[in-house]
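Each chain, letter by letter, is given below.
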Amino acid sequence: MADTAVTTLLRSPLSHAADRLAAATRASGGTIRLAELPFLTQINVRLDLKGAAADAVGLALGLPLPVEPDTVVRAGELTALWLGPDEWLVVGPPGGQKDLESRIREAAGDEPVSVIDVSAQRTTLLVAGPRARDLLAHGCSLDLHPRVFGPGRCAQTNLGRTQVVLVARDDPRAGFWVLVRSSFAGHLTDWLLDAAVEWTG
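Keep in mind it's a predicted model, so treat the numbers as computed, not measured.

The rules behind these values
Residues numbered from 1 in each chain as written. Predicted model: local features only at pLDDT ≥ 70, side-chain atom pairs only at ≥ 80, totals over all residues. Heavy atoms only, no water. Phe/Tyr/Trp six-rings, centres within 6.5 Å; stacked < 30°, edge-to-face > 60°. Helix = DSSP H or I, 4+ residues; strand = E, 2+ residues; numbered from the N terminus. Buried < 20%, exposed > 50% of the residue type's maximum accessible area, 1.4 Å probe, protein only. Lys NZ or Arg CZ within 6 Å of the ring centre and 35° of its normal. Arc of directions from axis to C-beta. Contact = heavy atoms within 4.5 Å. Pairing = 2+ DSSP bridges. Axes fitted to C-alpha atoms, helices over the stretch in contact; angles between N-to-C directions.

Engineer: Would you mind going over the packing of aromatic side chains with me for this structure?
Structural biologist: The relation between two aromatic rings is expressed through the spacing of the ring centres and the mutual angle of the planes. As enumerated under the stated definition, the model contains one aromatic pair in all. Look at Phe149 and Phe176: their rings are 6.4 Å apart centre to centre, the planes differ by 15 degrees, and that puts the pair in the stacked class. Taken together, the residues span a long stretch of sequence, with Phe149 in the loop between α4 (132-137) and β8 (154-159) and Phe176 in strand β10 (residues 176-181) at a distance of 27 residues. Residue Phe176 is classed as buried on the basis of its relative accessible area of 3%. The lysine or arginine in question, Arg169, covers the ring of Trp177, its NZ or CZ lying 3.9 Å from the ring centre.

Here it is in structure tokens:
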């Protein structure tokens, strides 16, 4: 019997912009690095931090859920972002959705927990390089000085009039993740490329 399964090739929201992002990176002479990090696993988790599930989920993931507002905890390939007093976003490598979901649900047991795969909801832009903070500051009202928004910090904010989750990576040289809804990714990319003209000519 012939195999009639439909094979769907994944296409990222910014696949059409990859060449433009790479060209801007080259033109900046190393001061700005722009790229899409497509298909990262993103799992939204909601649970009672005071309940037994919080510790159990942390053990199952190999990293504690951050308890301080707007902070990030990273271990291995996983990153947990604090989004609210009972809400986190767990980010991992592409293709890990089912594994992460099952690990979290099994760890929570009978405790109330919400686990939702939101990987297709957003894509991730990398903004790095010595002038990354200056570029982001063009369209973000947050104080991005390293003393205020240094490694291990995150925030839900607006960038170029687009709602994003901004993440300062552990190593300052690693720059920032900008998690943006797929439907707004093209607009934000155009904004970033326009704002980067100062360094890309």
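Anyway, onward from the coordinates.
Engineer: What exactly am I supposed to notice about helix α2 (residues 52-61) here?
Structural biologist: Residues that lie three or four places apart on an α-helix share one face, since the helix turns once every 3.6 residues. Among the residues making up α2, those that are buried are Ala53, Ala54, Val57, Gly58 and Leu61. Around the axis of α2, the buried residues are gathered within 135 degrees of arc, so they sit on the same side. Pointing more than 90 degrees away from the buried face of α2 are the exposed residues Ala52, Asp55 and Leu59. Packing partners of the buried residues in α2 comprise β2 (41-47), β4 (78-84), β5 (87-92) and α3 (97-108). One or two residues past the end of α2 sits Gly62, with phi positive at roughly 80 degrees.

Engineer: Which parts of the structure should I look at to understand the sheet that holds strand β7 (residues 122-128)?
Structural biologist: Hydrogen bonds along the backbone pair up the strands of a sheet, which may run parallel or antiparallel. The five strands lie next to each other as β1-β7-β10-β9-β8, forming an open sheet whose pairing is antiparallel. Each edge of the sheet is formed by a strand with only one pairing partner; in this case those strands are β1 (33-37) and β8. Ignoring which end each strand starts from, the neighbouring axes of this sheet average 30 degrees apart. The sheet contact formed by strand β9 (residues 162-168) and β10 spans five bridges and is antiparallel. If you follow Val165 over to β10, its bridge partner there is Leu179. On the sheet, helix α5 (residues 182-195) packs against β1, β7, β8, β9 and β10 and is oriented at approximately 135 degrees with respect to β10.

Remember, this is a structural readout, not a statement about activity or role.
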